[in-house]
Amino acid sequence: MSQKRSFPLYVTKRIGLAKWKYWLIRVGGILLAFLIAGIVCTMLKPGSFLTFYSEMFRGCFDFSDITTVIDLLVTFSILLLIALTLTPAFKMKFWNIGAEGQILIGALAAAGVAKFAPSEWPNILILVFALFAAQVASAIWCLIPGLFRAYFHTNETLFTLMMNYIAAVLASMMISVWIPNGSQKFGTLTQGIFPTILGHSGTLVIIFTLVIFVGMYFYINHGKSGFEVAVIGESVDTARYAGINVSHVTLRVMTVSGLLFGAIGFFIVCGIHQSFSPTIVAGKGFTGVLIAWLGHFNPFEIALFAFLSAVMECGTTTAATAVNISASRFTAICTGAFFFIIIACEFFSRYQVHIRVKEKGEVEEA
Amino acid sequence: MSYVVSFLSLAIKFATVFLFGATGEIVNQKSGHLNMGTPGIMYLGALGGIVGERIYLSSIPADAPLNPLLIVFIPVVFAIIFGALGGAIFSFFTVTLRCNQNVTGLTLTTLGVGIACYFIGSIDTSRMAEAGLLMQHAFSGYEAAGWFGEIFLSQSWFTYLGVVIAILAAVILRYTRVGLNLRAVGENASAADQAGVNVSAYRYVATIIGGAISGIGGAFYELDNVKGMFNVADGIDAFGWLALCIVIFSLWRPTIAIFASFFFACLSVAPTFFAPYLAGAGYVRYLLMMVPYVATIIVLIVTSVVSKKDHAPASLGVPYFREDR
């Protein structure tokens, strides 16, 4: 009991909640979140309730225009990759909230290589170099806080947060150096780009994501490294006693994170946008943190939430444009509401709220 | 000389935004709440401020003179309400619903930025420029005091309020029973609970008050610096994150935060203020923009390497549930 004695409600832990009940709560929460998005839309633009849902559906699953579906899958892929990459670090209680900057710095490196590689090089060679540069840059960005965390216990949450902003400033700076005319516009890449398949340049990203998903599934659940990470997450002292070198595991996990974040940055620049800007990651690094956490570090649950977030993002953008309200802000409101509701569901699946009747003889209620 | 004076004056004005944000966040963190929703809360405060100002401006005849006190007071009240609401949401999710603080904070930032950006853009800004000019100086006749007046007496009520709140927070945290209890909650919630301190209540109240203080900072920026002319490029969320930096940089002490805010403000103002001199080397202004973050990281590293004693509250970011072991 966390409340005062006189308080009419009190909370206890749920023990042995049936799987189907747990998912019932979650599905209920997800439906509620979509309902609230519709209500918010109606509040902002009266009478748009049904249009909102039909437009939302059209923005995600319009099979007459395959690029819409690929757009959704690409957004889903990037969110899934970010959340999966964060998972090992989170599992060992390394709170890396610097995904935004770690991806951006990889994207910056990839953009630099793709823009300035000699044009006589074949496209595939440029792509390989861009990927390599991106991975090195992101690994450095991950290892700086990793090293200080491993050897000096420097607070990694705040450290990685700061690194985001340094990366953002660095990106603006490099653009001003690369494009000296002061327009701050990077322009479209003409070399070092993914081929267009099915009318979309991001199609290959979806395929790579599948491969990485399988790899990460085994890395997290079936490898020695994944096991060590899980032990450290449970108890650092146990890990030490079992002979696990916590510092080395920290560095290893951050290196893996860096390599993957570099690949994500490379995908975003060379595959999806074929361009670069300091805001190209667009907050997905932070959304990824939320998805990894709400997916309980389980790759399949993470995939589910990444998909729902992608539907929320693509759908609300189309719907907002259709009913003529500011899309980016409306999407932010819906995404925020969505995550708050999922967080609340988390509480109701782990705890039970009881109503206290009089002093003695408590009556239970869900 | 006059150049230096106007630079310092501008820096102090800018520091006010940081000071509110940082003081609010210190109050938060002293209770053990690492509130990463502060950028969102500052945005909500900005929305509150502009709503308050609109309500005042709509309540008087179109050509009536503005009351220089009410034009500050009403927006501040609304900023406090909106900021406190943000803090209440955060503590409801972390204390009552027992959710992870990082997750809640980031979600609150997403939601706060979305809501504030959406609605600020749709609010009528007529007469807001006039109101902004009116609230720029708390005292008229500050010119009489020369350079001293120009720097220290030319500021708006917000600036003086910010300094008073920071000092007040420092005194309360350090010298009162309430402050002692709050620090105990942030250091070791379980021990505080056993000593009879209501941990949940302290965390709720500290987060709500902290949110209210941070909210005023957002309102000040919106009403005074940009005078209601909302532009996403001047994202208030960036100031929110800088406020988090300042908290670390000032080792969780509101009095040091006053000077740290000023230092960070100097660095923020310098690139645009000295733009004519930096025109030749475009990248210098970016290096200047990087300094606050690098300085914060250095403080983080130095404090963790040099002193065995961590300056952060010991259970910062750690949730407290009595039934957990």
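Everything numeric in this text was worked out from a predicted model, so none of it was measured. (Residues numbered from 1 in each chain as written. Chains lettered and ligands numbered in written order. Predicted model: local features only at pLDDT ≥ 70, side-chain atom pairs only at ≥ 80, totals over all residues.)

Chemist: Go over the overall build of chain A with me, naming the residues and quoting the values.
Modeler: A tally of regular secondary structure across chain A gives 13 helices and two strands. A compact globule built from 366 residues should have a C-alpha radius of gyration of about 21 Å, and chain A, at 23 Å, falls within 12% of that. With the C-alpha coordinates of chain A rotated into their principal frame, the extents come out at 85 × 65 × 35 Å. Expressed as a percentage of the 366 residues in chain A, the buried residues total 48%. Intrachain contacts of chain A at a sequence separation of at least 6 include 76% that bridge at least 24 residues. (Helix = DSSP H or I, 4+ residues; strand = E, 2+ residues; numbered from the N terminus. Rg over C-alpha atoms; globule rule 2.2 N^0.38 Å. Buried ≥ 20, exposed ≤ 12 C-beta atoms within 10 Å, placed from the backbone. Contact = placed C-beta atoms within 7 Å.)

Chemist: Describe the overall build of chain B, listing the residues and the values that go with them.
Modeler: Broken down by element type, chain B carries 14 helices and zero strands. Scaling as 2.2 N^0.38, a compact globule of 325 residues should have a C-alpha radius of gyration of about 20 Å, and chain B matches this with 20 Å. For the C-alpha atoms alone, the extent of chain B along its principal axes is close to 60 × 45 × 35 Å. Evaluated residue by residue, chain B yields a buried proportion of 54% over its 325 residues. Nonlocal contacts in chain B, meaning residues at least 24 apart in sequence, comprise 81% of its contacts between residues at least 6 apart.

Chemist: Tell me what's going on with the nonpolar core, and back it up with residues and numbers.
Modeler: In this structure, A107, A110 and A130 of chain A together with F18 and I246 of chain B are the most contacted members of the largest nonpolar core, which totals 219 residues. At 15 residues, helix α3 (residues 66-91) of chain A tops the list of elements feeding residues into this core. Aside from chain neighbours lying at most four places away, what touches F18 of chain B is F239, L242, A243, I246, S261, F264 and A265 of chain B. (Core = buried A, V, L, I, M, F, W, Y, C linked by C-beta atoms within 7 Å.)

Chemist: Describe the interface of chain B and chain A, listing the residues and the values that go with them.
Modeler: Between chain B and chain A, the contact holds 42 residues from the first and 39 residues from the second. If you list the elements that add at least two residues to the side of chain B that touches chain A, you get α4 (101-120), α11 (236-249) and α14 (282-306) of chain B. Here the side of chain B that touches chain A takes 13 residues from α14 of chain B, the largest share from any one element. When its residues are assigned to classes, the side of chain B that touches chain A shows 27 nonpolar, 12 polar and three charged. (Nonpolar A, V, L, I, M, F, W, Y, C, P; charged D, E, K, R; others polar.)

Chemist: So, the confidence of the model for chain B: which residues are in play, and what are the values?
Modeler: Model confidence for chain B is summarised by a mean pLDDT of 84, while 93% of its residues fall at 70 or above. The spread of mean pLDDT over the elements of chain B runs between helix α13 (residues 275-278) of chain B, the lowest at 68, and helix α7 (residues 157-175) of chain B, the highest at 92. (pLDDT = per-residue confidence, 0-100.)

Chemist: Tell me what's going on with helix α13 (residues 327-350) of chain A, and back it up with residues and numbers.
Modeler: Compared with an ideal rise of 1.5 Å per residue, which puts 24 residues at 34 Å, α13 of chain A spans 35 Å between its outermost C-alpha atoms and is within 8% of the ideal. Burial analysis of α13 of chain A places 17 of its 24 residues in the buried class, the great majority of the element. (Expected span 1.5 Å × (residues − 1).)

Chemist: Lay out unusual backbone geometry with the relevant residues and their values.
Modeler: Of all residues except glycine, most have a negative phi; of all peptide bonds, most are trans. Phi is positive for A282 of chain A, which is not a glycine, with a value near 55 degrees. On the basis of neighbour counts, which here come to 14 C-beta atoms within 10 Å, the residue A282 of chain A falls in the partly exposed class.

Chemist: Mind laying out the packing of helix α1 (residues 2-30) of chain B against α11 of chain B, listing which residues take part and the relevant values?
Modeler: Residue and element names in this part refer to chain B. Here α1 crosses α11 at 60 degrees, and the two axes come no closer than 8 Å. With respect to α11, the axis of α1 lies oblique. Considering how the two elements wind past one another, α1 and α11 form a crossing that is right-handed. Two secondary-structure elements touch here, α1 through V17, F18, G21, A22, E25, I26 and Q29 and α11 through F239, G240, L242, A243, L244, I246 and V247. Considering only residue class, the contact of α1 with α11 consists of 10 nonpolar, three polar and one charged. (Axes fitted to C-alpha atoms, helices over the stretch in contact; angles between N-to-C directions. Parallel < 35°, antiparallel > 145°, perpendicular 65-115°, else oblique. Left-handed = near helix turned anticlockwise from the far one by under 90°.)

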